[in-house]
Amino acid sequence: MNYYSLKNKSNKASFDEAVIKGLAPDKGLYFPESINALSDDFFRKIEYFTNEEIAYHSIKQFIGKSIPEIALKEIIKDVLSFHFPLVKLNDKRYVLELFHGPTLAFKDVGARFMSRCLAYFSAKKEYKTTVLVATSGDTGSAVANGFYKAENIDIVILYPKGKVSHIQELQLTTLGENITALAVNGSFDDCQEMVKSAFIDKELQGISLTSANSINIARWLPQMWYYFFAYKQLKEKNKDIVVSVPSGNFGNICAGLVAKQLGLPIKHFIASNNANKVATDYLATGNYSPKPSKQTISNAMDVGDPSNFIRIEALFKNDFNLLKENLSAYSFSDNETKQAIKILKDKYNYIADPHGAVGLLGLGKYQEEQTNTIGISLETAHPIKFLDVVEPIIGEKIPLPKSISGILNKKSLSKEISSYLELKNFLQRKEKCIHL
């Protein structure tokens, strides 16, 4: 399997080259040259496969010869060491909980898979790789945990100061060791722009840089597993299945659409957005117009220029009408999100985080017209990560998981920056230290 740049198809790379580089030399996102559907027999018998077996069969074509079968199966076993329960709200709506990993967020799967792959590729190298990542919340903590104490790998995380939850900040700023957190005076889009600038800066080309955002194929692709796991649990219902995904940088929903192209019987996808509604507006008007991000209570979706949308367009060969047949998008305000959190608690005794609440709002909107469907909404983070928002709405305390109570009294080790020049200087100083 080779990958090509979405900016220039002549720029190609194997899986390992694409993972190590992060972006193509022209700074385009890598995209697989082909996506070959799995056999009908695989889906007929999917309930007899373990999650690890499903993960291996669905991703092996994207790895090619870069990782041998035995090593790839060991990586998958290590990554999928927690559960993905499907919670029934009623006969038409289910919640797929993706927060049972070590940092209580869906990004644990992609971050752990990428870290294990990069560690495999770096095992025989004598130089360090610096992983540079921008986060609007959960990516940073998942990457920090996934790469913590990894040999020959340094992690530099940029996050918007004051725009992530307190617990999210503690998760990504208290580890130390090979993890550095930089608090940026700006928005997530500013953080993402700094990361992109570092990759195109000729003066930094001597540093082995890669990214752990969903622009990296090893972070992006394993997210398709969620959809296989959900289908496996609902297959016997024999109704059209639709999936609502709280969407920010659109890596997660893009991975779901890859699963659909692999043959997974999902009828339709719903991108559920907060006030950052570039995709909602695009599907309504045909005009794709990135805008500065707006701060909301569902901060992981505060993205004004989603990087992965270009991959979604590539999946549908830039055919707008075909894209609309497979994807809908809706946008909701903070007030609507808060109301949804309260209704979910009062009606179903279910505590959702703000992102999960947005996902369920989008599912409900779609099912108003598509009534003969079974809907799955992704709950992407544990509500404890947003207790300042959720607890006042539901009127009760959320029990602290052990992984959270253990960091509440730890000291933040973040450094503050305000410009790309400060990031560049930091990376150059860090590289000098490495070679001393």
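Read on for an overview of the structure. (Residues numbered from 1 in each chain as written. Predicted model: local features only at pLDDT ≥ 70, side-chain atom pairs only at ≥ 80, totals over all residues. Heavy atoms only, no water.)

### A short note on the sheet that holds strand E1 (residues 2-5)
Here is step 1 of the chain: Across the sheet, 3 strands lie side by side as E2-E1-E3; this open sheet has antiparallel pairing. Pairing within the sheet leaves two strands with one partner each, and these edge strands are strand E2 (12-14) and strand E3 (30-32). Neighbour-to-neighbour, the strand axes of the sheet open up by a mean angle of 40 degrees, direction not taken into account.
Here is step 2 of the chain: Bridging between E1 and E2 involves 3 bridges; their strand directions are antiparallel. Paired with Asn 2 across the strands is Ser 14, a residue of E2. (Pairing = 2+ DSSP bridges. Helix = DSSP H or I, 4+ residues; strand = E, 2+ residues; numbered from the N terminus. Axes fitted to C-alpha atoms, helices over the stretch in contact; angles between N-to-C directions.)

### A closer look at unusual backbone geometry
Here is step 1 of the chain: Located in the positive-phi region is Phe 250, a residue other than glycine, with phi close to 70 degrees.
Here is step 2 of the chain: On the accessibility criterion, Phe 250 (5% relative accessible area) is buried. (Buried < 20%, exposed > 50% of the residue type's maximum accessible area, 1.4 Å probe, protein only.)

### Looking at the sheet that holds strand E4 (residues 86-88)
Here is step 1 of the chain: Reading across from one edge, E4-E5-E13-E10-E11-E12 is the order of the 6 strands in this open sheet, with mixed pairing throughout. Strands with a single pairing partner mark the edges of an open sheet, and in this sheet they are E4 and strand E12 (327-331). On average, adjacent strands in this sheet sit at an angle of 25 degrees to one another, irrespective of strand direction.
Here is step 2 of the chain: Sheet contacts for helix H11 (residues 251-261): strand E10 (240-246), strand E11 (268-273), E12 and strand E13 (373-379); angle to E11, the most-contacted strand, approximately 180 degrees. (Contact = heavy atoms within 4.5 Å.)

### Describing the state of the cysteines
Here is step 1 of the chain: One pass over the structure, following the stated rule, counts 0 disulfides.
Here is step 2 of the chain: Here Cys 117 is not cross-linked by a disulfide; its sulfur's nearest cysteine counterpart is in Cys 254, at 18 Å. (Disulfide = S-S within 2.5 Å.)

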